[in-house]
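Breakdown of the fold
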Amino acid sequence: MGETTGDPVGPVWRTWLDGEEIELPASINGIRAALPPERREQFDEAVGAAAAGDLELLLGHWAQETRPDLRAAQEAVFRRLEAGDSTGFVAAEDLDA
């Protein structure tokens, strides 16, 4: 895995996209390597300015930014919800724990 392939480097987070499990980089270096070069300075600035308590959430956001296909799918879901279409969604309280 490495920068040239866009594959995650080091530790990863796992999530789902279109029914498939995918991996997202879960380290500062891994996220930076997976981002397009033109986004790295913005990432470095955001990480450098983040409060320690906000870092995990911030890194999760940027990890998702490494996958434009994931972001597009998420935005499509949000657009559906904003339009009032909740087809296929289950309330958290209705999930079996």
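Our subject is the structure that appears above.
Residues numbered from 1 in each chain as written. Predicted model: local features only at pLDDT ≥ 70, side-chain atom pairs only at ≥ 80, totals over all residues. Heavy atoms only, no water.

Glancing now at the side chain of R40. Tracing the chain through its elements places R40 in helix α2 (residues 37–49). Here the side chain of R40 touches R32 through a polar contact of 2.8 Å, landing on its backbone oxygen. From its side chain, R40 meets the backbone oxygen of A33 in a polar contact 3.1 Å long. (Helix = DSSP H or I, 4+ residues; strand = E, 2+ residues; numbered from the N terminus. Polar contact = N/O pair within 3.5 Å; in protein donor to acceptor, adjacent residues only side chain to side chain.)

Let us look at the nonpolar core. Counting residues in each nonpolar core, the largest one holds twelve residues, listed as L17, I22, L24, I31, L35, F43, V47, L58, L59, W62, A63 and L70. Elements with a contribution of two residues or more to this core: β2 (20–25), α2 and α3 (55–65). Tallying contributions element by element places α3 first for this core, with four residues. When sequence neighbours within four positions are dropped, the list of residues in contact with L35 reads R40, F43, W62, E65 and T66. (Core = buried A, V, L, I, M, F, W, Y, C linked by side-chain atoms within 4.5 Å. Buried < 20%, exposed > 50% of the residue type's maximum accessible area, 1.4 Å probe, protein only. Contact = heavy atoms within 4.5 Å.)

The next subject is the environment of A50. Structurally, A50 is set in the loop between α2 and α3. Since its relative accessible area comes to 26%, A50 is described here as partly exposed. Not counting chain neighbours up to four residues away, the residues in contact with A50 comprise L55 and L58.

A cluster of nonpolar residues, F78, L81 and F89, forms a patch on the protein surface that exposes about 300 Å² of accessible area. Positionally, F89 belongs in the segment after α4 (68–82). On the accessibility criterion, F89 (40% relative accessible area) is partly exposed. (Patch = residues over 30% accessible without salt bridge, like charges linked within 9 Å, V, L, I, M, F, W, Y side chains within 5 Å. Areas by Shrake-Rupley, 256 points an atom, 1.4 Å probe, with all protein chains shown as cover. Salt bridge = Lys/Arg side-chain N within 4 Å of Asp/Glu carboxyl O.)

Remember that the coordinates give geometry; whether it matters functionally is a separate question.
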